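Descriptive structure summary
Given next are the chains, with one letter for each unit.
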Amino acid sequence: MKVAMSPRSSDVVIVGGGIIGCLTAYYLTKRGLKPVVIEADGIASGASGTSAGWLTPYSSTDDPAMLALSPATLRLHAELAETLPALTGIDHGYEAFPYLRCAVTEGGVRELRDFQSRRASEGVAMEWMAGEDVHTLSPWITAEVLGALRSDNEPTLDSYRLTMSALQAAEMGGARMMSGKVVGLMTPSSRSGETRVVSGVRLEDGTQVHGGSVLLTMGPWSGEAASWLDYPVPVRPQRGQLVYLAPPGDGDGPELATGVTAIEHNCSMVRKRLSDTVVGAASDFVGFDRSITSSARDELLIDAARLSKRVETAHISGQTACLRPVSADGRPYVGRVPGWDGVFLAAGHAGHGIHYGPVTASAIAGLIADGRSGYDIAALDPARAGATTV
Ligand SMILES: Cc1cc2nc3c(=O)[nH]c(=O)nc-3n(C[C@H](O)[C@H](O)[C@H](O)COP(=O)(O)OP(=O)(O)OC[C@H]3O[C@@H](n4cnc5c(N)ncnc54)[C@H](O)[C@@H]3O)c2cc1C
């Protein structure tokens, strides 16, 4: 829906400048719309700026509804890796390194073999490597590893740079960014039946921003919108922590050539082109607390040292904590908000928001601009939130 443009009005108002908000702004401009992105803190100041940036659908769930969207989002990521740097000059570090899922027990070997057959049934080929082949490929992997599954289609990137680049590309297409905290929706007095019509948003300082459509994509803060909508948005924050390992100095050992994880541990080492290796990710529910803890760092490093001899010699170059937006049933809410005309929700991507960011953003942009998402997102319909609470 188009409305007349003024400094306080836009085709589409996007609340939240994380990966989903900024990519949606980009895809909307490609469809000729001029959205405004309203951000309460800084662009990519939430998990979108501090994620591990691993494009995998497998890190914690096997949800078939999400797995079905994985090939499309990988294709969109590959496209964005070509188009965004050419437009904005920002390299977001997209690269497909080999990834090894290792087993250190016989039970783990069986679990990986099952994982391999499930992937094969979805058309995703992963090669089984015996222990000696793993050690030939990556001599820094410990002798504890009995075998591994090799995957070559789970790239990594820098999610802060991707989010910034998406916003910049959107701005080049006519989008705007605005600082401020949204505290409510505006509705004209007229109602069409029981459906409420949106006409924009209200900010904490009293500013009103008009728009014919509003996208709520506030990450773990999305639950705040429940009172604006008079409709449940059961999304809560889960803290995650990452430790960064700098490459070894001369003589300390070989470079980490692949990403690696052990099926028996909750710890992954993700190789990045533009930053140090990431070890992640510890998880707990502590409200909106974003502090780092020494206990999470120690647990991650103990698990990582079981996989890689490099961990003992590597220098710890950093540690971060950020919040995953977790929905009541573990699946994101993407689509129209029931009972509202022109309000859309895209929230609750938990540990997969970077991976599923492009397909989510493209689907929402299609719904807003043309009334069609272009992907099968029926299973993500926010209508199911009506029956749940967290
Ligand atoms: C440790 C860790 C590692 C991760 N690693 C990966 C990974 O490897 N791969 C992967 O796919 N995913 C990963 N994730 C998950 C991923 O980071 C998130 O799913 C994704 O960033 C969520 O993006 P978002 O845009 O929904 O939310 P966010 O990035 O949280 O952005 C929401 C934005 O909305 C703003 N906002 C909130 N309320 C308001 C308001 N009222 N008004 C205006 N603005 C508002 C916030 O300030 C924030 O900037 C990881 C997460 C964590 C914690």
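Residues numbered from 1 in each chain as written. Predicted model: local features only at pLDDT ≥ 70, side-chain atom pairs only at ≥ 80, totals over all residues. Heavy atoms only, no water.

1. Concerning the site of the ligand
In the neighbourhood of the ligand, 40 residues make up the surrounding shell, with E39, S48, W54, A350 and H355 lying closest. A distance of 3.1 Å is found between an oxygen atom of the ligand and a backbone nitrogen or oxygen belonging to G353. The contact in question runs from an oxygen atom of the ligand to an N or O atom on the backbone of I354, over 3.0 Å. Burial of the ligand by the protein chains amounts to 97% of its free accessible area of 1,000 Å². Elements with a minimum of two residues in the shell around the ligand: helix 1 (19-30), strand 2 (36-39), helix 2 (47-50), strand 11 (235-246) and strand 15 (315-327). Broken down by class, the residue content of the shell around the ligand amounts to 17 nonpolar, 19 polar and four charged. Viewed by domain, the shell around the ligand spans two of them, domain 1 (9-88 + 159-234 + 331-387) and domain 2 (99-151 + 237-327), each represented by three or more residues. (Near = heavy atom within 4 Å. Polar contact = N/O pair within 3.5 Å; in protein donor to acceptor, adjacent residues only side chain to side chain. Areas by Shrake-Rupley, 256 points an atom, 1.4 Å probe, with all protein chains shown as cover. Helix = DSSP H or I, 4+ residues; strand = E, 2+ residues; numbered from the N terminus. Nonpolar A, V, L, I, M, F, W, Y, C, P; charged D, E, K, R; others polar. Domains from an automatic or database assignment.)

2. As for the layout of surface pockets
Any empty space left between atoms is shown by rolling a water-sized probe over those atoms. If you add up the space inside the second largest pocket, you get close to 270 Å³. If you go around the second largest pocket, you meet 16 residues; those closest to its centre are Y58, S70, L74, V124 and N153. Those elements giving two or more residues to the lining of the second largest pocket turn out to be helix 3 (64-67) and helix 4 (70-88). (1 Å grid on protein atoms, 1.4 Å probe; cavity = no way out; pocket = protein on both sides within 12 Å on 5 of 7 lines; lining within 4 Å. Points joined across faces, edges and corners; volume = space filled by probe spheres on them.)

3. A few points about the domain arrangement of the protein
One can read the domain layout of the protein as domain 1 (9-88 + 159-234 + 331-387) and domain 2 (99-151 + 237-327). In this structure, domain 1 and domain 2 have C-alpha centres spaced 30 Å apart. A buried area of about 1,900 Å², summed over both sides, lies between domain 1 and domain 2, and 60% of it is on carbon and sulfur atoms. Counting the surface domain 1 buries against domain 2, the share from its top three residues, W54, Y58 and P220, is 33%. At the boundary of domain 1 and domain 2, one finds zero salt bridges. Counting the contacts that link domain 1 with domain 2 gives five residue pairs in polar contact (both at pLDDT 80 or more). (Buried area = accessible area lost by both parts, 1.4 Å probe. Salt bridge = Lys/Arg side-chain N within 4 Å of Asp/Glu carboxyl O.)

4. As for empty space enclosed by the protein
In total, this model carries one cavity of 30 Å³ or more according to the counting rule given. Lining the largest cavity, in full, are W54, F97, P98, Y99, E154, T156, G259, V270 and R271. In terms of residue class, the lining of the largest cavity is made up of five nonpolar, two polar and two charged.

5. Let's talk about the confidence of the model for the protein
Per-residue confidence for the protein gives a mean pLDDT of 91, with 93% of residues at or over 70. Between residues 1-7, whose pLDDT stays under 50, and residues either more than four places distant or in other chains, the model counts 16 contacts. Under a pLDDT of 50 for its full length, residues 250-254 has, in the predicted model, five contacts with residues more than four places off or in other chains. (pLDDT = per-residue confidence, 0-100. Contact = heavy atoms within 4.5 Å.)

6. What about helix 5 (residues 106-121)?
The end-to-end C-alpha distance of helix 5, which contains 16 residues, comes to 23 Å, matching closely the 22 Å that a straight helix rising 1.5 Å per residue would cover. For helix 5, every residue scored as buried is listed here: G108, V109, L112, F115, Q116 and R119. An end-on view of helix 5 places all buried positions within 120 degrees of arc, on one side of the element. Residues of helix 5 that are exposed and point over 90 degrees away from its buried face: E106, R110 and S121. On its buried face, helix 5 is in contact with helix 3, strand 3 (99-103), strand 4 (127-130) and strand 5 (147-151). Phi turns positive one or two residues past the end of helix 5, at G123, with a value near 85 degrees. (Expected span 1.5 Å × (residues − 1). Buried < 20%, exposed > 50% of the residue type's maximum accessible area, 1.4 Å probe, protein only. Arc of directions from axis to C-beta.)

7. Concerning the pairing of strand 5
Of all the five residues making up strand 5, four are buried; the element is thus mostly covered by neighbouring parts of the structure. Direction of pairing for strand 3 relative to strand 5: antiparallel, over a ladder of five bridges. Each bridged residue has a counterpart across the sheet, and for Y99 the counterpart in strand 5 is S151. Where strand 4 lies against strand 5, four bridges are found, and the strand directions are antiparallel. Bridging across to strand 5, M129 finds its partner in A148. (Pairing = 2+ DSSP bridges.)

8. Observations concerning the pattern of salt bridges
All chains considered together, the criterion is met by 14 salt bridges. Note that R239 is salt-bridged to D289, the shortest N-O span being 3.8 Å. In this pair, R239 sits in strand 11 while D289 sits in the loop between strand 14 (277-284) and helix 9 (294-307), placing the two residues 50 residues apart along the sequence. Classification of R239 by relative accessible area gives buried; the value is 5%. In this structure, D329 and R384 form a salt bridge, with 2.6 Å as the shortest nitrogen-oxygen distance. Of this pair, D329 sits in the loop between strand 15 and strand 16 (333-336) while R384 sits in the segment after helix 11 (357-370), and the two are 55 residues apart along the sequence.

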